[in-house]
Amino acid sequence: MRIASILLGLLMITGCSESEKTLRGYSGNIGEVVVVCSDETWEGPIGTAMKTHFADIIYGLPQDEASFNLIHFKKSSFSSIIQGQRNIVYITVDPKLTESSYQVLKNKFARGQLFLDLRSMHQDSLSAFIEEKGAEMAQKFNDIELNRLYLRNKKFGSKELSKRILDSMQIELVLQKDMYIEKLAQNKTWLRIERERTKGGFKHQISQGVFVFTKAYRAREDFTEQNLIEFCDSMLMANLPGPSEGSYMQIAKEPIEARSSEINYRGSYGREFRGLWYMKNNFMGGGFIYLACLDEKRDRVVGAFGYVFAPGFDKREYVREVEAIVKSLKFQE
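Residues numbered from 1 in each chain as written. Predicted model: local features only at pLDDT ≥ 70, side-chain atom pairs only at ≥ 80, totals over all residues. Heavy atoms only, no water.

Asker: Where do I start with the environment of Glu-32 in this structure?
Answerer: On the secondary structure map, Glu-32 appears in strand 2 (residues 32-36). A relative accessible area of 15% places Glu-32 in the buried class. Glu-32 sits 109 residues away from Phe-141 along the chain, and the two C-alpha atoms are 9.5 Å apart. If near-sequence neighbours (up to four positions away) are discounted, Glu-32 is found in contact with Asn-69, Ile-71, Gln-85, Arg-86, Asn-87 and Glu-145. Among the polar contacts listed, one links the side chain of Glu-32 to the side chain of Asn-29, at a separation of 3.2 Å. (Helix = DSSP H or I, 4+ residues; strand = E, 2+ residues; numbered from the N terminus. Buried < 20%, exposed > 50% of the residue type's maximum accessible area, 1.4 Å probe, protein only. Contact = heavy atoms within 4.5 Å. Polar contact = N/O pair within 3.5 Å; in protein donor to acceptor, adjacent residues only side chain to side chain.)

Encoded structure:
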């Protein structure tokens, strides 16, 4: 079983030392990773391996989107402006080295920055090392992006709404700014953000939501893929209606099926799903993340379903935003 990738706060330290307070804040757009190396390195097998693991296509989005946008700079161009970027991979190939390695450094040039120092004795060995460790390294950048969103939400999200959810469901959630409660009951809550964004001279709807729901735990079979999807679908059908009569949200089975993995979520058993949702009896859809875990203290299954509807726009960062909310979920002690 893989350990849940985001127990928020592992990569980032919320407090700052005196020396860190003097650093400037990081710059750059969310989802960007600056790669610093020679042109020869970038255009060869090392660059190919980096793109394979850091810019692979995200599963479960309507259109192909890379997990990160990679931006290459030569070391001669690694100026103070570039040094302040939020995510940096710095590659060194030196025949004096004896092995391939990487080191993760926090706050090297900017406060809140993640700097990955990647080294090897020659090109071929480093390419093989990235093939072996690339997914692991890329995950560190995904984790820190989620943690940055978590810290932002903790600062600007509504504490009052979080308390209402805690009092009703005994579940802690850190909410995004402007999120509101559509429904709230003892065993479910539906949270939404609705906004508009202009493109091509027209305003387009952007919808994000997180739906949290529970049921009594009966047996291990509750956590099979099929049973968890059926549980989610039944709750979506009953609680998340679409814009037209008789329409409701469901997990799509085509053109792709939801992909799941076992996780250890904050010490509890769970599963994480990614894929596409669609609106039954309507023409709507988008990407989702669905976390299901066991609340042993209350003997219940807890599901958290985060979804995005953003036609005409890239959806990667909208999904990342709802993922940060979903994975802020904690059970009241």
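Asker: Would you take a moment to explain the sheet that holds strand 4 (residues 87-93) for this structure?
Answerer: Spatially, five strands are ordered 3-2-4-6-5 in an open sheet, and the strand pairing comes out mixed. The strands lining the two open edges of the sheet, one partner per strand, are strand 3 (69-73) and strand 5 (101-106). Ignoring which end each strand starts from, the neighbouring axes of this sheet average 20 degrees apart. Alignment of strand 4 against strand 6 (residues 114-120), held across seven bridges, turns out to be parallel. Opposite Asn-87, over in strand 6, you have Leu-114 as the bridge partner. Running at roughly 150 degrees to strand 4, helix 3 (residues 45-54) makes contact with strand 2, strand 3, strand 4 and strand 6 of the sheet. Along the sheet, helix 5 (residues 123-156) makes contact with strand 2, strand 4, strand 5 and strand 6, crossing strand 6 at roughly 175 degrees. (Pairing = 2+ DSSP bridges. Axes fitted to C-alpha atoms, helices over the stretch in contact; angles between N-to-C directions.)

Asker: What am I meant to see in the nonpolar core here?
Answerer: Soluble globular proteins tend to pack their nonpolar side chains together in the buried interior. Core analysis: the biggest nonpolar cluster contains 31 residues, and Ile-171, Leu-173, Leu-175, Leu-191, Val-210, Val-212 and Leu-329 have the highest contact counts within it. Broken down by secondary-structure element, the contributors of at least two residues to this core are helix 6 (159-169), strand 9 (188-199), strand 10 (202-216), strand 12 (259-265), strand 14 (285-295), strand 15 (300-309) and helix 8 (316-326). Counting 26 residues, the second-largest nonpolar core is a separate cluster that includes Ile-229, Ala-258, Tyr-290 and Leu-294. (Core = buried A, V, L, I, M, F, W, Y, C linked by side-chain atoms within 4.5 Å.)

Asker: How should the pairing of strand 11 (residues 248-251) be read in this particular structure?
Answerer: Looking along a regular strand, one sees the side chains alternate between the two faces of the sheet. Of the two faces of strand 11, the one carrying Tyr-248 and Gln-250 and the one carrying Met-249 and Ile-251 are both buried. Here strand 11 pairs with strand 13 (residues 268-280) via four bridges, running antiparallel. Within strand 13, the residue paired with Tyr-248 across the bridge is Lys-280.

Remember, this is a structural readout, not a statement about activity or role.
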